[in-house]
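The primary structure of each chain is shown beneath.
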Amino acid sequence: MTMPETAPGPTVAVVGGGVIGLAVAWRAAEAGWAVTLFDPEPGSGASWVAGGMLAPLSEGWPGEDEVLAFGAAALARWPGFAGRLEAVTGVDVFVAGETLTVAQDSADAADLRTVADWVSDRGHDLRLLDRAGVRALEPALARTVRAGLLAAAEPAIDNRQLVTALRKAAAEAGVVVRPVQVRDLAELEHSRIVLAAGAASAALWPGLPVRPVKGEILRLRQRPGTQPPPTRVVRARVHGRPVYFVPRADGVVVGATQYEAGFDTAVTVAGVRDLISDAEVVLPGIGEYELVEASAGSRPGSPDNLPLIGRLSDRVIAATGHGRNGMLTSALTADAVLAELDGQPLAEAAAARPRRFAASTLSGGSR
Ligand SMILES: Cc1cc2nc3c(=O)[nH]c(=O)nc-3n(C[C@H](O)[C@H](O)[C@H](O)COP(=O)(O)OP(=O)(O)OC[C@H]3O[C@@H](n4cnc5c(N)ncnc54)[C@H](O)[C@@H]3O)c2cc1C
């Protein structure tokens, strides 16, 4: 493959057009870079499949200090990012303003207290609720729910609206989209290359510690006469498996399975069965909804649940490995890559620097 269209002046090639590549391309073009985005099918990866939770606090757990700090910093960047996106596209991507995690039994309730204490000690606002408090917020939840944890500052977005809005914003900012698969970064002549190929990133940088982590998810539509879906994100654990509900204008997204299966994105019968049966335990009315879509995607997993954002070489910047939080961390990632392009790495993204892994792991050839 030859890339003769390289423009004069500083140019950026963004490889991969999921939310990460699109957000980076848009922001870099707005900042004055000449940006070309390479992707045979932009927006077709995990970003199209996802749920849209922005929930770093509810997912906090003792010992995971860096993940919490990174996630909270990412969440703090969302209002500005979404505001700018709405200003240029007219699209408001938010679908909920709060996240409620519910407990089904005493072990779950104890875990909620653990999360509340640990996260609150780090300066974030989480509120424990008793059974009545939960039911007052979300009356459609099962009577078996015995406690809850409310994160009033954790919203959710519609991932598909986000992809669509980012594509529009990128186009308006002058990003040139080349619908081709990049086979070797060395073939790109641009001054800088941003590697944002999601779970496939290691194919372009051998040794990069990013692997596919499969997830299945359902999209349900409310039918006339059925109970309305929750108005906020609801998260729970059933039979040891996580299940969550993310509101949509016409219904709800129910996610998600998580297991290692290579690049397999087939939806399995067992995956759908587990999601539906777990969802019914928490929201009994869900069985009356229309099952509109079951899909699966490959999360770009990393060994420590933090992404890889930063220099791999003089020319190549990684923006990958976002695992199950790529929606949440897209705004911070875009800002961090812009800072790298300007030669001034962002302190808030220090924990995500690829150099935390051994240099031998990251050698990636001679690019
Ligand atoms: C079931 C499920 C639920 C999820 N829920 C949430 C959630 O609620 N909240 C959250 O924050 N995150 C969630 N995630 C995670 C989130 O979807 C990912 O972290 C995020 O989409 C990663 O974005 P990306 O742009 O890196 O990758 P992708 O969206 O996978 O995009 C990668 C792109 O790279 C392109 N590409 C690959 N190889 C090449 C190549 N060689 N040349 C050119 N282009 C290439 C692909 O075509 C693709 O478009 C979920 C994921 C799944 C699967």
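These numbers come from a predicted model, not from an experiment.

Each value, and the rule that gives it
- Residue indices follow the written sequence of each chain, beginning from 1 at its first position.
- Residue-level local features of this predicted model are given only where pLDDT is at least 70; pairs of side-chain atoms are given and counted only at 80 or more, and the full residue set underlies all totals for whole chains, interfaces and linings.
- Counting from the N terminus, the helices are the DSSP runs of H or I reaching at least four residues and the strands are the DSSP runs of E reaching at least two.
- Here a residue counts as buried when 20 or more other C-beta atoms fall within 10 Å of its C-beta, as exposed when 12 or fewer do, and as partly exposed in between; the C-beta atoms come from the backbone.
- A pair of residues counts as a contact when their C-beta atoms, built from backbone coordinates, are separated by no more than 7 Å.
- Each nonpolar core comprises buried Ala, Val, Leu, Ile, Met, Phe, Trp, Tyr and Cys residues, the members being joined through C-beta atoms within 7 Å.
- Between the first and last residue of a helix there are one fewer steps than residues, each counted as 1.5 Å, and that sum is the expected span.
- The arc under discussion is defined with respect to the helix axis, by the directions toward the C-beta atoms.
- Residue proximity rests on one test: whether the C-beta atom, placed from the backbone, lies within 6 Å of the molecule or strand.
- Under the grouping applied here, Gly and all other residues not named as nonpolar or charged are polar, the nonpolar ones being Ala, Val, Leu, Ile, Met, Phe, Trp, Tyr, Cys and Pro and the charged ones Asp, Glu, Lys and Arg.
- Note: domain ranges come from an automatic or database domain assignment.

**Examining the overall build of the protein**
Right, so step 1: Counting its regular elements, the protein contains nine helices and 16 strands.
Right, so step 2: With the principal axes as the frame, the protein shows a C-alpha extent of 65 × 45 × 40 Å.
Right, so step 3: Burial analysis of the protein (367 residues in total) assigns 49% to the buried set.
Right, so step 4: For the protein, contacts bridging at least 24 residues in sequence account for 77% of all contacts bridging at least 6.

**As for the nonpolar core**
Right, so step 1: Ranked by size, the top nonpolar core spans 113 residues in total, and within it Val15, Val24, Ala25, Val194 and Leu195 carry the most contacts.
Right, so step 2: When residues of this core are assigned to their parent elements, the largest contribution, nine residues, is made by helix 1 (residues 19-30).
Right, so step 3: In contact with Val194, other than residues within four places in its own chain, are Val12, Val14, Val15, Val24, Ile317, Ala319 and Val337.

**Observations regarding unusual backbone geometry**
Right, so step 1: In this chain, Gly255 is followed by Ala256 through a cis amide linkage whose omega measures -25°.
Right, so step 2: As for its placement among the helices and strands, Ala256 is situated in the loop between strand 13 (251-255) and helix 8 (269-282).
Right, so step 3: Non-glycine residue His239 carries a positive phi angle of around 50°.
Right, so step 4: Topologically, His239 is positioned in the loop between strand 11 (233-238) and strand 12 (241-248).
Right, so step 5: Of note in the backbone geometry, Asn305 takes a positive phi value of approximately 60° without being a glycine.
Right, so step 6: On the secondary structure map, Asn305 appears in the loop between strand 14 (290-301) and strand 15 (308-311).

**Some words on helix 4 (residues 78-89)**
Right, so step 1: Taking 1.5 Å per residue, 12 residues should reach 16 Å; helix 4 reaches 16 Å between its end C-alpha atoms and fits that length.
Right, so step 2: Those residues of helix 4 not exposed but buried are Trp78, Phe81, Ala82 and Leu85. Viewed along the axis of helix 4, the buried residues span an arc of 90°, placing them on a single side of the element. In this structure, helix 4 carries Pro79, Gly80, Gly83 and Ala87 as exposed residues pointing more than 90 degrees from its buried face.
Right, so step 3: Buried-residue contacts for helix 4 involve helix 3 (65-76), strand 3 (94-96), helix 7 (159-172) and helix 9 (330-341).

**Thoughts on the site of the ligand**
Right, so step 1: Among the 44 residues in the neighbourhood of the ligand, the closest are listed as Gly18, Gly45, Gly198, Gly215 and Gly326.
Right, so step 2: Grouping the amino acids of the shell around the ligand by side-chain chemistry returns 21 nonpolar, 19 polar and four charged.
Right, so step 3: Formed jointly, the shell around the ligand draws a minimum of three residues from each of two domains, domain 1 (1-97 + 156-208 + 304-367) and domain 3 (211-301).

**Structural notes on the domain arrangement of the protein**
Right, so step 1: Entries for the protein in the domain assignment read domain 1 (1-97 + 156-208 + 304-367), domain 2 (99-152) and domain 3 (211-301).
Right, so step 2: A straight line from the C-alpha centre of domain 1 to that of domain 3 covers 26 Å.
Right, so step 3: At the interface, 21 residues of domain 1 touch 23 residues of domain 3.
Right, so step 4: Taken together, the elements giving at least two residues each to the side of domain 1 that touches domain 3 come down to helix 2 (46-49) and strand 3.
Right, so step 5: Class assignment for the residues of the side of domain 1 that touches domain 3 results in eight nonpolar, 11 polar and two charged.

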